[in-house]
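# A look at the structure
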Amino acid sequence: MFNGLNMDLGALSLLSDAKTRSLSAENVDGAKGKGGMATEGRGLRCARDLGGRPWKVSPAVDIQSGETYELADIKGPGAIQQIWMTPTKSWRFSILRVYWDDEEIPSIETPIGDFFCSGWGGYAHLNSLAVCVNPGSAFNCYWVMPFRKRCRMTLENIGEEKMTLFYQINYILTKLPEDAAYLHAQFRRVNPLSYREVHTILDGVRGQGHYIGTYMAWQVNNTGWWGEGEIKFFLDGDGEFPTICGTGTEDYFCGSYNFDVGGQYREFTTPYSGLHQVIRPDGTYQSQQRFGMYRWHIMDPIRFEQDLRVTIQALGWRSGGRYLPLQDDIASVAYWYQKEPHAPFPKLPDRDSLEVI
Amino acid sequence: MYNGLNLSLGNLCLLSDAKSRSISAENFTGENGKGGMATEGTGAKCARDLGRGWKISPSVVIKAGQTFEIADIKGPGAIQQIWMTPSGNWRFSILRVYWDNEKTPSIECPVGDFFGMGWCKYAPLVSLPVCVNPGNAFNCYWEMPFRKHCRMTFENIADEDMVLYYQVNYTLTEVPEEAAYLHAQWRRSNPLPYKEDYTIIDGIKGKGHFVGTYLAWGVNNNGWWGEGEIKFFMDGDKQWPTICGTGTEDYFCGSYGFDVGGQYKEFTTPYAGMHQVIRPDGTYQSQTRFGLYRWHIMDPIRFEKDLRVTIQALGWQSYGRYLPLQDDIASVAFWYQKEPHAPFPKLPERNTLEVI
């Protein structure tokens, strides 16, 4: 019988023996028949005249400054199918980590905002197959995340203020096929990019897998167009030259000619890619021109056998029709699936290096 | 060879021996080579100088009180897409679908609500299984497999005749053992009794999976109305559910009152949305109303034996206390299951259906 994985609209009629479960502050371990039983929680005071439970006694958690909250600790085999959450405070100062099958170093490590393509800390609507960001701070993802033995997910609050988190993690318990791989996501930032260097989106991947997405938070530090740079995928022993080479930044994000319509940047958000965010300077304190872009390789994942490195140039224009290597503020999240073990990630930058300034 | 079911963009290159057929007023039976043959129909007068082949029968008139049979298909096969545009009052047209010669329908729902338009007013809806296009174009892409037979009817319970244009696209093919049948059930509570939960679905028996909720919600108090939690009681759960939500907007994949800058903000994504916000005009259109959907496409809620789904209606009253609301709430629950299904509650009479 159908194992309940690899869902899409076309598979929706199929029965499966998979078990559906869900984690939230109303059922923190997902146990069957144990939802909404809390007698203490953030909502207790609000429900005091209703007699407490089952009237929304524990809909959310507070995560103290410096605390790491364990969102999930699930015994497999199974797969996460959807995550919804809405975190308060700085989205760069909440760090999401996911550990598969008791591994010691996380396979996903990224600020929460960037994981949901909202690295600049402000809302922009995003309407894609894999990620949706809904008004005004509703983070949703639909990446299928299979695991065999265990899934452990944490959120660390590295801010100086207490934050509040509403969340719901929908998953199934089912058998996994041999070829199901593990989701990985890695955050990087350079600010500014050094002159004539490329921004590295991902490097050091070891193992078999496929690259499935890029999010970029890009701030320009020069006037004029900033997206001439080419993306490059170095796979399976490629040396100086990559196997896959793009033709320009907006080209990689499935746009065209500077994302320009009538002399203005034009936002778009499609199932597969988008320039979903354009932050325009206000002439006073909000002085920076910034962009949010995503490119999901859903129909066209980039498969590798042994290793992968992904880079992008930052190129604008200077006089005489010459390329100008830019020194911009660039952050990115790389998303890929691979077999475990994965190579260790670079150390996550410290808080000051994460901050949107 | 590939059976032609479970379509997605990723398997579009596959060949199949499945047969494609389509029912409309230009081909009532879907028979091959029999489209556009009508000599009488709603377009006959317009084509009087052109004759047969020139859009003689593009639609049907359904008289007040009449039940029109849209489809009567011998299986095995599956409906793959439905487009229709009904005139008249969308709460007064009842869609029913019967699988494999069953006596009680598996789908019974006012047509507007089935397509997320329970308030009988257009709002754009752009999702994977349902699209509502300007200004009353109802489309659904739910796959609906059947083994022996599919019968689909449309009852006009209004006092006026209505016009229906429609197209039902389907495939004739082998259906695998694990393919289940689509079900949709409508309910309404107006108003919800004080301190009671609203029941979206109850009494499901059998194995299946819950795949979606549409809610038409009219608020009867000032302030925010969406604190209530959704609960999925499955497979013997009693007082406590297995799955418990954290708030109404949370279930619909929104956040903090769907509020951007102090205003409700509509959105419509492949999987969820608040696609409709009806704002009072200060005179006769005096009610604030919402249309919301949540499709469980990537994350269906699977059950083995039984399922009940409820949602609380909660706002705020003084001193930070929850206020149980007495709102006008209607819903459609969508799920797949093996037949036979448990009989549905009796569809309410017309006055209870009406948007007032």
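Computed from a predicted structure; not experimentally measured.

### Looking at the overall build of chain A
Looking only at helices and strands, chain A features three helices and 27 strands. A compact globule built from 357 residues would reach a C-alpha radius of gyration of about 21 Å, and chain A, at 21 Å, matches this within 12%. Across its three principal axes, chain A shows a C-alpha extent of roughly 75 × 50 × 40 Å. Across the 357 residues of chain A, 50% fall into the buried class.

### Observations concerning the overall build of chain B
Scanning chain B from terminus to terminus reveals three helices and 27 strands. In summary, chain B has a C-alpha radius of gyration of 21 Å against a globular reference of 21 Å for 356 residues, a match within 12%. A principal-axis box enclosing the C-alpha atoms of chain B has dimensions of 70 × 50 × 40 Å. Within chain B, the proportion of its 356 residues that are buried is 50%. Taking the intrachain contacts of chain B between residues at least 6 apart in sequence as the baseline, contacts between residues at least 24 apart amount to 71%.

### A short note on the sheet that holds strand E17 (residues 244-245) of chain A
In space, the four strands of this open sheet follow the order E14-E24-E16-E17 (chain A), with antiparallel pairing throughout. Two strands in the sheet have a free side with no partner beyond their single neighbour: strand E14 (199-206) and E17 of chain A.

### Considering the domain arrangement of chain A
For chain A, the assigned domains read domain 1 (27-59) and domain 2 (183-354). Distance from the C-alpha centre of domain 1 of chain A to the C-alpha centre of domain 2 of chain A: 43 Å.

### A few points about the environment of A:Asp73
Positionally, A:Asp73 belongs in strand E3 (residues 68-75). The spatial distance from the C-alpha of A:Asp73 to the C-alpha of A:Phe115 is 20 Å, given a sequence separation of 42 residues.

### Regarding the sheet that holds strand E14 (residues 198-205) of chain B
Pairing is antiparallel across the open sheet formed by four strands, whose spatial order is E14-E24-E16-E17 (chain B). Edge positions in the sheet fall to E14 and strand E17 (243-244) of chain B, since each of these pairs with one other strand and no more.

### A short note on the pairing of strand E12 (residues 162-172) of chain B
All names here are of chain B. Pairing geometry for strand E1 (residues 19-24) and E12, over six bridges, is antiparallel. The residue of E12 that forms the bridge with serine 24 is glutamine 167. As defined by bridge partners, strand E4 (residues 77-86) adjoins E12 across nine bridges and the pair is classed as antiparallel. Each bridged residue has a counterpart across the sheet, and for alanine 78 the counterpart in E12 is threonine 171.

Reading guide: rules and limits
Residues numbered from 1 in each chain as written. Chains lettered and ligands numbered in written order. Predicted model: local features only at pLDDT ≥ 70, side-chain atom pairs only at ≥ 80, totals over all residues. Helix = DSSP H or I, 4+ residues; strand = E, 2+ residues; numbered from the N terminus. Rg over C-alpha atoms; globule rule 2.2 N^0.38 Å. Buried ≥ 20, exposed ≤ 12 C-beta atoms within 10 Å, placed from the backbone. Contact = placed C-beta atoms within 7 Å. Pairing = 2+ DSSP bridges. Domains from an automatic or database assignment.

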